[in-house]
Amino acid sequence: MPTNLNRLPGKAVALLSLPQLLLHIVGLLLVGHLCLSDLVNPTIGYPIGFAAILFLLIRLLFRRFYLDYVLIIFTCSHFYYGNNHGGLWNYINVLALLVIAFVEPWWEGTSNLTPFQKTVLGGLFLVNALGLVFVAESSVSGRMEGFLVSLSYAFLFLFILQLPATTALFSRLLLVMAGVGLWFVVIALSQKTHFLESVSPLLPKGNGDGLENNGWETYENKSERADGPFKDFELFAEYASLLYAVFFPILIGQVSRYFRMKAIIPALAVIGSFLCVLMTATRSSILLLIPVTFFYLFYYRSQFVRKPALLGAVGAFVGLIVLVGPYIGLDYVMERLNELDVNRLSSGSAKSAEAINRGETYQAGLERLLDQDWLIGYGYGVSEHYSMAFFGIPNSEMRDYHNLYLSLPITLGWIGTGLFILLLLNHAFQTLVACRSAPQPHLEALVVGMAVFWAVFFINEFKIQAIREPNYLMLIWCWLGFSIQANRLAVGSVSNEFRMQTDRHPEPVLH
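The structure contained in this document is the topic of the report that follows. (Residues numbered from 1 in each chain as written. Predicted model: local features only at pLDDT ≥ 70, side-chain atom pairs only at ≥ 80, totals over all residues. Heavy atoms only, no water.)

Details of the overall build of the chain
And step 1. Along the backbone of the chain there are 21 helices and 0 strands.
And step 2. The proportion of buried residues among the 511 residues of the chain is 55%.
And step 3. Sequence separation of 24 or more characterises 77% of the internal contacts of the chain that already satisfy a separation of 6 or more.
And step 4. As displayed, the chain offers around 23200 Å² of accessible surface, 66% of which is attributable to carbon and sulfur atoms. (Helix = DSSP H or I, 4+ residues; strand = E, 2+ residues; numbered from the N terminus. Buried < 20%, exposed > 50% of the residue type's maximum accessible area, 1.4 Å probe, protein only. Contact = heavy atoms within 4.5 Å. Areas by Shrake-Rupley, 256 points an atom, 1.4 Å probe, with all protein chains shown as cover.)

Focus: the packing of helix H9 (residues 233-252) against helix H10 (residues 264-280)
When two helices pack together, their arrangement is given by the angle between the helix axes and by the axis-to-axis distance.
And step 1. Two elements in contact, H9 and H10, have axes whose closest approach is 8 Å; the angle formed by their N-to-C orientations is 155°. Overall, the two elements H9 and H10 adopt an arrangement that is roughly antiparallel. As for how H9 packs across H10, the hand of that crossing is left-handed. Across the interface between the two elements, Phe233, Phe236, Ala237, Ala240, Ser241, Leu243, Tyr244, Phe247, Phe248, Ile250 and Leu251 of H9 pack against Pro266, Ala267, Ala269, Val270, Ser273, Phe274, Cys276, Val277 and Thr280 of H10.
And step 2. Partitioning the contact of H9 with H10 into residue classes produces 17 nonpolar, 3 polar and no charged. (Axes fitted to C-alpha atoms, helices over the stretch in contact; angles between N-to-C directions. Parallel < 35°, antiparallel > 145°, perpendicular 65-115°, else oblique. Left-handed = near helix turned anticlockwise from the far one by under 90°. Nonpolar A, V, L, I, M, F, W, Y, C, P; charged D, E, K, R; others polar.)

A word on empty space enclosed by the protein
And step 1. Tallying each qualifying case throughout the model produces 2 cavities of 30 Å³ or more.
And step 2. Of the pockets and cavities examined, the second largest cavity occupies roughly 30 Å³.
And step 3. As for the second largest cavity, its lining consists of Gln117, Leu423, Leu424, His427, Leu480 and Ile484.
And step 4. Top contributing element to the lining of the second largest cavity by residue count: helix H19 (residues 404-437), with 3 residues.
And step 5. In terms of residue class, the lining of the second largest cavity is made up of 4 nonpolar, 2 polar and no charged. (1 Å grid on protein atoms, 1.4 Å probe; cavity = no way out; pocket = protein on both sides within 12 Å on 5 of 7 lines; lining within 4 Å. Points joined across faces, edges and corners; volume = space filled by probe spheres on them.)

Some remarks on helix H3 (residues 66-76)
And step 1. Buried residues dominate H3, accounting for 11 of its 11 residues.
And step 2. When H3 is considered as a whole, its buried residues turn out to be Tyr66, Leu67, Asp68, Tyr69, Val70, Leu71, Ile72, Ile73, Phe74, Thr75 and Cys76.

Focus on the environment of Tyr69
And step 1. The topology assignment puts Tyr69 in helix H3.
And step 2. For Tyr69, a relative accessible area of 0% gives the class buried.
And step 3. Separated by 45 residues in the primary sequence, Tyr69 and His24 have C-alpha atoms spaced 9.7 Å apart.
And step 4. The contacts of Tyr69, once residues within four sequence positions are left out, are Leu57, Leu61, Asn93, Ala96, Leu97, Leu156 and Phe159.

Some words on the side chain of Arg172
And step 1. Looking at where Arg172 falls in the secondary structure, it is placed in helix H7 (residues 167-193).
And step 2. A distance of 2.2 Å separates the side chain of Arg172 from the backbone oxygen of Leu16, its partner in a polar contact.
And step 3. When residues no more than four places from it in sequence are discounted, the contact partners of Arg172 are Leu15, Leu16, Ser17, Leu18, Leu21, Leu67, Asp68 and Leu71. (Polar contact = N/O pair within 3.5 Å; in protein donor to acceptor, adjacent residues only side chain to side chain.)

With respect to the pattern of salt bridges
And step 1. The final tally for this structure, using the stated rule, is 6 salt bridges.
And step 2. Where Arg64 meets Glu104, a salt bridge forms, and the shortest distance between an N and an O atom there is 2.5 Å. Note that Arg64 is positioned in the loop between helix H2 (42-62) and H3 and Glu104 in the loop between helix H4 (88-103) and helix H5 (115-135), a separation of 40 residues in sequence.
And step 3. A relative accessible area of 15% means that Glu104 is categorised as buried.
And step 4. A salt bridge links Glu234 to Lys463; its shortest N-O distance comes to 3.6 Å. One end of the pair, Glu234, is in helix H9; the other, Lys463, is in the loop between helix H20 (441-460) and helix H21 (470-504), and 229 residues separate them in sequence. Judged on exposure class, the residue Glu234 and its partner Lys463 are both buried. (Salt bridge = Lys/Arg side-chain N within 4 Å of Asp/Glu carboxyl O.)

Following this line, the structure appears as C-alpha cells:
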C-alpha cells in the first residue's frame, strides 16, 4: 500500500510485505548463482541472468519500492558474485540507479548531508578519480572496474541518505540483518564440519585445503577456520563482531518491540554472531568482544537491578558457549589465545606487529609509503590494480598490508586520507550529539549500537582492511549511510518532541 515513507521524487512510495521482500532477495540470489555457475553456458547465462536481475530491480524502483531496493542490494552484497571484478551487485546497482535517474532525478532530493559533508565526499570521489587516471599503472580495464565500483558506492550511499530517517527503516534493516546473521551461522557450521560441499556463493565451502597448504594448524581434521560468505575468516570475524555490537544493546536494553520484532530475534542475532566469531578463531575479534560486552553490561547496569533475571540469561548464554564449545573449536581458540605474548603486544615497537603475525606486511607497507610522496594515490580498484598499488607488480603473493591505515594513503593519497579522517571526525561528533540527544530508549540503543559498531570496526582495521574486497566495502558504505540516518532520527525526534511541547504550551506573548 502506498505510503509517504520516502522523500525521494514522487508523491508516494510503496513497501513490499516482508514475505515479498524475502522472496525477492532469495530469488535474485538464486538467479545470480545460476548465471555465474557452471550449470549454464556463461556466454548465454550471464547476460540473460544479469538482464533479468537488472529488470526486476528497475521495476522495483519505478514502482517506488526505494527502501526495499536498498535492502535487496545491501543483502545480496553479503554474498560474493563476481567479486574479483568488482561484484555483480555493484554493476547492477550503478545501472539501475542511472536508469531511474533519467526518469526521476533522485539526487535532487534532500540528501541529509551538510555542506561540509558534501564537500568532503565530493573531494574523496575526485581524488579517487584523479588517482585512477594519472597515478595508477594497472590495466585500463582494471581502472575502469575500480571507477564503476566507486560510483556504485557513491550512488547507493547517497540513495540511502535520500530515505527519511524513520523507525520503520531500522525495523526492516534489523529484521533483514537478523536473518542474514542466522544464515551466517549455517554457512560457518557447514564450513567447520564439512557437512555440505557447495560451490554456490549462498553456501560456500571454506578454504581448509588452502590453509593446510600454507602451514596453518590442523584441528582434529577440521583445519578450516570459518570464512563465512566472504571467503575470508578475518573479514567474517570482523563483520560478525559488528553485528554483535549492533544487536546487543537492542537485546539487553529490551527495546525490540519498538522495532516491531520479538525479543527472540535480537537474542538469536547476538548468539549467532558470537558463535560466528568463535568459529573463525580470529583472536583480535574475539578479544574485542570482551570489552564490548563489559561496556554494554555497565551501560545497562540499571536493567539488571530492575530485572535480575537478565543475569540468569547472561549465565545461560555463557553455559551455551561452553556446551557447544567442543563442536565449534573453542579449545583451539583458547590455544591460539595462549600463544599471544602480552609483553610483546604492549611493547609499542615492531615486536607488537610480529606478535599478531603482521611484522612482514607492516614493514612492506611502511617501505611502500616511503617510496613515493603519495599526494594522490592509486585510486580504488580490484585484484591486479591493488597488487600494482601496494607492491608494484601485477600478481603479488601478499594480498595487502592487512592494515587499513597503511593502505589508505596509497589508495587515496594523503589528500584523500585527510578528507577521510575529516569525514570520520564529523560523523563521530554527530554520533556524540545523537547519543546525548536520543529521547527514547530504542533510539538510544540504536545510536549507541552504531557508535560501538564503528569503534570495533576502526580498532579491528589495524589488523585487516575493509578495502580488500569490493562487496565487503559496499557493506561498510551502506552501514555508514544507516549510521548517519540513525543519528538524524535521534536528533529529529528531539526536535519533534520539543515542537510538540511548544505547540501544547505556547510561550506567553509579552505586551
